[in-house]
Amino acid sequence: MIPAKRRYMTQAALISLWFNVVLFVFKFTALIVVRSLAIATDFAITVVGLTVSVILYNSLKLSTKPADLVHNYGYGKVEHVCEAMEGIVLIGIALIMSFQAVGTFFHPIHVTFPFLGLASSTLSLSLNFVGAFYIFKLAQKSSSPAVKAEGLHYTLEGFISTAIACAFVVTIFLRKSPFASFEAYVDPAVTILVSIAISIPSIGLMKQAFVNLLDVSIEEPSKMETIVRLALHADSYCNFKDIRTRKAGHRKFIEVKLVMPRDMSFARAHEIVSGIEKDIKDGVPGSEVTLTMIPCAKDCGLLLDNKPCPYLK
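What counts and what doesn't
Residues numbered from 1 in each chain as written. Predicted model: local features only at pLDDT ≥ 70, side-chain atom pairs only at ≥ 80, totals over all residues. Heavy atoms only, no water. Patch = residues over 30% accessible without salt bridge, like charges linked within 9 Å, V, L, I, M, F, W, Y side chains within 5 Å. Areas by Shrake-Rupley, 256 points an atom, 1.4 Å probe, with all protein chains shown as cover. Salt bridge = Lys/Arg side-chain N within 4 Å of Asp/Glu carboxyl O. Helix = DSSP H or I, 4+ residues; strand = E, 2+ residues; numbered from the N terminus. Pairing = 2+ DSSP bridges. Axes fitted to C-alpha atoms, helices over the stretch in contact; angles between N-to-C directions. Buried < 20%, exposed > 50% of the residue type's maximum accessible area, 1.4 Å probe, protein only. Contact = heavy atoms within 4.5 Å.

Here we look at a nonpolar patch on the surface
In step 1: A cluster of nonpolar side chains, contributed by F28, I32, V33, F113 and L116, occupies part of the molecular surface with about 470 Å² of accessible area.
In step 2: The element best represented in the nonpolar patch is helix 1 (residues 3–33), accounting for three residues.
In step 3: Within the secondary structure layout, F28 lies in helix 1.

In structure tokens, the structure reads:
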């Protein structure tokens, strides 16, 4: 694995971990003082985020381990497991808080100290969006799906904190208006909206993680780059076929069969194939390329017409 990518992944995990620690402290303090279901939901998401940050840090360390006798293709898929776990837990929190919010509509609870809740939510949204900005930058540099999922998590938390901050603003204004009786319904209403906001991207995140665990092929630009690199060496081999690709976390696996002249020496064929492998790796960063040599069947038009093979140079 490229050392720079490993460094970017580690940096992202540490940023996520420390930002979640700070958010945990602030939201826990606000939850004790402010009686708000929305803050409870936000705090629960942060607890999940903190737990996932610890898992993410250890998962990324595991995913960078080289292949061994037990895992011949390495440990890259642990990143997709981390994605799936985060999606499942967030959906669970959304369902639980939605049921709680529906119950609160029938037994309204007035929020205490809304100004403190507003301050806490404003700080939370600031930290979340700053964290998301840096994590997404590192996700782009490392090509790690787990780091990208964590960036999505921070963005989601940022929008949730924004919605909760707006709810506290509405609560403060309602308390000083003729519609003060509606104030108790703002908190559960926002909680339901937040739960929906959590569920939609979390379902997509979980679905994508499971698709990746089923050995989905690499993205189209990388496939096309592989074909372009093969085309650059078209005068060195007879044909190529059976291109197979798959992803495992940030790692990409590419397998191709190259048809080589039957009368070419093994040493020369190996030299050509090794050069093509290196070229594909350079064109598709983070890839592991396996080219299998197979001999031609001597059934091309040139050989049938007793003409020399153009690939034997």
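Some details on the sheet that holds strand 1 (residues 239–248)
In step 1: Strands sit in the order 1-2-3 across an open sheet of three strands; the sheet is mixed. If you trace the sheet from one side to the other, it starts and ends with strand 1 and strand 3 (287–295), each paired once. Sheet twist, expressed as the mean angle between neighbouring strand axes with direction ignored, is 15°.
In step 2: Direction of pairing for strand 1 relative to strand 2 (residues 251–260): antiparallel, over a ladder of eight bridges. For A248, the partnering residue across the bridge sits in strand 2 and is R251.

So, the environment of I91
In step 1: For I91, the position within the fold is in helix 3 (residues 78–106).
In step 2: Taking relative accessible area as the criterion, I91 reaches 17% and is therefore assigned buried.
In step 3: If we skip the residues at most four places from it in the chain, I91 touches S199, S202, I203 and M206.

Things to note about the side chain of T155
In step 1: Here T155 lies in helix 5 (residues 145–175).
In step 2: Residues in contact with T155, not counting those within four places in the same chain, are F129, A132 and F136.

Looking at the pattern of salt bridges
In step 1: Scanning the model with the defined rule gives six salt bridges in all.
In step 2: Among the salt bridges present, the one from R229 reaches E225, with a minimum N-O distance of 2.7 Å. Taken together, the positions of R229 and E225, both in helix 7 (residues 220–232) and four residues apart, correspond to about one turn of that helix.
In step 3: Given a relative accessible area of 24%, E225 falls into the partly exposed group.
In step 4: Of the charged contacts in the structure, one is a salt bridge between K257 and D242, with a shortest N-O distance of 3.4 Å. Here K257 is found in strand 2, whereas its partner D242 is found in strand 1, with 15 residues between them in sequence.
In step 5: In this structure K257 comes out as partly exposed when scored by relative accessible area, which is 34%.
In step 6: Residue classification places D242 among the partly exposed positions, given a relative accessible area of 43%.
In step 7: In this structure, a network of salt bridges that share partners links the residues E225, R229 and D279.

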